[in-house]
Amino acid sequence: PPIRIRDNMQLAPTSYVIKIKGVEIANGEILPNYYLAMDPGIVTEPVEGIPTTEPAFGLPALWITEAQRDQAEIAGYTVVDPPSVLATHLTEIIKSHAYELLGRQEVQSLINNIKDEYSVVVNELIPNLMTIGEVQKVLVNLLKEGIPIRNLVTILESLADHAPLTKDLEYLTENVRQALSRQITKMVQADDGIIRVITVDPNLEQMLLKIQKEAKESGGFSMDPKLIQNIYDQLGELIKEVTASGYQPVILCSPAIRLTFRRLTERLASRIMVLSYNEIIPEAEVHSVGVVSVNQ
């Protein structure tokens, strides 16, 4: 949908607010005629500035004058101008809330774009096997976890393969994710081609499988709060270590518990990718950097 820019006299002169469907989602502050300087961890000599927080990722930063810009860049700071700060924040908000912006009408437009060239898969799938609303829910499930949907043909092919077998949209989403394994693998590979992962101990996986089964039978998910806190504590430490090393934290587990583990941990780290073994291509190099286990 189009982005509207509106002047609001009730805001402070240097403040801005980002809203989705009229509801405030994020806010920030930019100082005209200043530059935002961030330390990527290689700064050799600190510079003086106005302390602030980079709005998109919540990193500590400084507002510096134009006269300080060259000095800050030489010292190792990443320096960006105010429009770039605002554009980056807006982009991250759109990425993280894309699933809220994708309605049935948008999905119909996406399908219309490929219908002429890929009419066979579209006609087989819609409306015979799935409605536009059901396809939209699968796409929303992908976007919620940061999986791009631009490879729409592969997504529709996977749905056409599995929709005759089940109407379970979560199951269909998991199969689509596996069909997108090459794309997902590329997303989580570091510059050296290695995927550094936090794995889940087999004993914990078995415990989660049992809880998952009981939840299906009883209709409610129940788990010991102490165990949840134990998992959170371990994950928090491991994520800090991986992030401090400059890598993207990725949790790797078996396909049977991937969705359950994702739901369990999304409050702790919504940006962390939880992948199953089936979503990593066989030729990718995977290094385990830690294990989440059941501490007795």
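Structural notes, computed from the coordinates. (Residues numbered from 1 in each chain as written. Predicted model: local features only at pLDDT ≥ 70, side-chain atom pairs only at ≥ 80, totals over all residues. Heavy atoms only, no water.)

Brief notes about the nonpolar core
Judged by nonpolar contacts, the single largest core of 42 residues is most densely connected at Leu-125, Met-130, Val-135, Leu-139, Leu-156 and Leu-159. Among the elements that line this core, the one with the most residues is helix α6 (residues 132-144), at seven residues. In terms of nonpolar packing, the next biggest core, distinct from the first, is built from 22 residues, Ile-198, Val-200, Leu-208 and Leu-238 among them. (Core = buried A, V, L, I, M, F, W, Y, C linked by side-chain atoms within 4.5 Å. Buried < 20%, exposed > 50% of the residue type's maximum accessible area, 1.4 Å probe, protein only. Helix = DSSP H or I, 4+ residues; strand = E, 2+ residues; numbered from the N terminus.)

Observations concerning the sheet that holds strand β4 (residues 50-54)
Read from one edge of the open sheet, four strands run β4-β5-β3-β6, paired in antiparallel fashion. Looking along the sheet, the strands with just one partner apiece sit at the ends: β4 and β6 (78-80). Neighbour to neighbour, the strand axes of the sheet diverge by 35° on average, direction disregarded. Taken strand by strand, helix α2 (residues 82-96) contacts β3 (34-38), β5 (59-65) and β6, and its axis lies near 95° from that of β6. (Pairing = 2+ DSSP bridges. Axes fitted to C-alpha atoms, helices over the stretch in contact; angles between N-to-C directions. Contact = heavy atoms within 4.5 Å.)

Focus: a nonpolar patch on the surface
Together, Ile-3, Ile-5 and Ile-94 line one region of the surface with nonpolar side chains, adding up to about 340 Å² of accessible area. Tracing the backbone through its elements, the reader meets Ile-3 in the segment before β1 (15-20). (Patch = residues over 30% accessible without salt bridge, like charges linked within 9 Å, V, L, I, M, F, W, Y side chains within 5 Å. Areas by Shrake-Rupley, 256 points an atom, 1.4 Å probe, with all protein chains shown as cover. Salt bridge = Lys/Arg side-chain N within 4 Å of Asp/Glu carboxyl O.)

Some words on the sheet that holds strand β7 (residues 194-200)
Through backbone hydrogen bonds, the strands of a sheet pair up, either in parallel or in antiparallel fashion. A sheet is described by the order of its strands in space; here four strands give the open sequence β9-β8-β7-β10, paired in parallel fashion. Of all the strands in the sheet, just β9 (273-276) and β10 (285-292) have a single pairing partner and so form its edges. With direction set aside, neighbouring strand axes in the sheet form an average angle of 40°. Bridge count for β7 against strand β8 (residues 250-253) is three bridges, and the pairing is parallel.

Note that all results are geometric; they support no functional claim without further evidence.
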